[in-house]
Amino acid sequence: MKLGKEEIQKIVLGVLLFFGVIYSYFNLLLWPLEKRQEVADRSIQTLIPGIANAKAQMEKTKQMEKDAPTATLPMRQATAMIPDGSPVAWFPTRMADFFKKQGIDRVSTRISGEAADKELPHFRKLSWGVDIPKVDFVPFALAVATLENEEPLLEISAMQIDASRDDIEAQHIFLTVNNLVKQ
């Protein structure tokens, strides 16, 4: 069987067309898809740590939501312990009444500073100077111990005790007290 020129051209053209289809399939379709898949796989690999961090953050958020009622309890208790009104109105009388109950008269209280509390939002700390001009040391020590036990929102930050040479039993005491109040 002898093939004619026209048939050979058709066979060569068919083979060239076949190779063109194969070349087009690999170069224009398959390899670009593989490259896109590799790029997508790399981008997925870079997202995996971010997804893990997001899942961890979601777990932390869920745990914080569970712990929120117990965490807000101290805040509500502290708010309940603070009287309404301006602290300038109620704190000096509170100190004078407390020390009177302890048998110590003549107590003067004045505000000496104010700062926002960094740990507790919506609260601030007021610094007060409590001046006791003449007191015996033992009743004063008992009063200070009782004060710290009865007033959990109060902190004695400094204490200055001066004894006079004339009356050794009577000291002049100046306390620096920090008190937590509402903002």
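Student: Teacher, can you tell me more about the side chain of Asn178 here?
Tutor: Looking at the secondary structure, you find Asn178 in strand β4 (residues 170–182). Judged by its relative accessible area of 14%, Asn178 falls in the buried class. A polar contact is formed between the side chain of Asn178 and the side chain of Ser127, at a distance of 2.8 Å. In this view, Asn178 contacts Leu126, Ser127, Leu153, Leu154, Glu155 and Ser157; residues no more than four positions away in its chain are not counted.

Student: Would you explain the pairing of strand β3 (residues 154–163) in this entry?
Tutor: In regular strands, side chains alternate between the two faces of the sheet. As paired elements, β3 and β4 share 9 bridges and run antiparallel to each other. Bridging from a neighbouring strand, Glu155 pairs with Asn178 of β4. Adjacent in sequence and paired antiparallel, β3 and β4 are bridged by 6 residues.

Student: Which parts of the structure should I look at to understand the pattern of salt bridges?
Tutor: Oppositely charged side chains are able to pair whenever their charged atoms sit close together. Under the criterion given, the structure shown has 4 salt bridges. Measuring nitrogen to oxygen at the nearest pair gives 3.4 Å for the salt bridge that ties Arg94 to Glu151. Of the two residues, Arg94 sits in helix α2 (residues 87–101) while Glu151 sits in the loop between α3 (137–150) and β3, which places them 57 residues apart along the sequence.

Student: It is not clear to me how the packing of α2 against α3 should be interpreted in this structure. Could you clarify?
Tutor: Packed helix pairs are specified by the crossing angle of their axes together with the interaxial distance, meaning the distance between the axes. Running from N to C, α2 and α3 cross one another at 130°; their axes reach a closest spacing of 10 Å. Between α2 and α3, the crossing angle belongs to the class labelled oblique. When you trace α2 past α3, the crossing you get is right-handed. Along the contact surface, α2 presents Met95, Phe98, Phe99 and Lys101, while α3 presents Ala143, Thr146, Leu147 and Glu150.

Student: When you look at the environment of Ala96 in this model, what are you seeing that I'm missing?
Tutor: Residue placement: Ala96 occurs in helix α2. Using a relative accessible area of 21% as the deciding quantity, one classes Ala96 as partly exposed. When the C-alpha atoms of Ala96 and Val107 are compared, they prove to be 5.7 Å apart, with 11 residues separating the residues in sequence.

Calculation criteria
- Residues numbered from 1 in each chain as written.
- Predicted model: local features only at pLDDT ≥ 70, side-chain atom pairs only at ≥ 80, totals over all residues.
- Heavy atoms only, no water.
- Helix = DSSP H or I, 4+ residues; strand = E, 2+ residues; numbered from the N terminus.
- Buried < 20%, exposed > 50% of the residue type's maximum accessible area, 1.4 Å probe, protein only.
- Polar contact = N/O pair within 3.5 Å; in protein donor to acceptor, adjacent residues only side chain to side chain.
- Contact = heavy atoms within 4.5 Å.
- Pairing = 2+ DSSP bridges.
- Salt bridge = Lys/Arg side-chain N within 4 Å of Asp/Glu carboxyl O.
- Axes fitted to C-alpha atoms, helices over the stretch in contact; angles between N-to-C directions.
- Parallel < 35°, antiparallel > 145°, perpendicular 65-115°, else oblique.
- Left-handed = near helix turned anticlockwise from the far one by under 90°.

These figures come from the coordinates and say nothing about function on their own.
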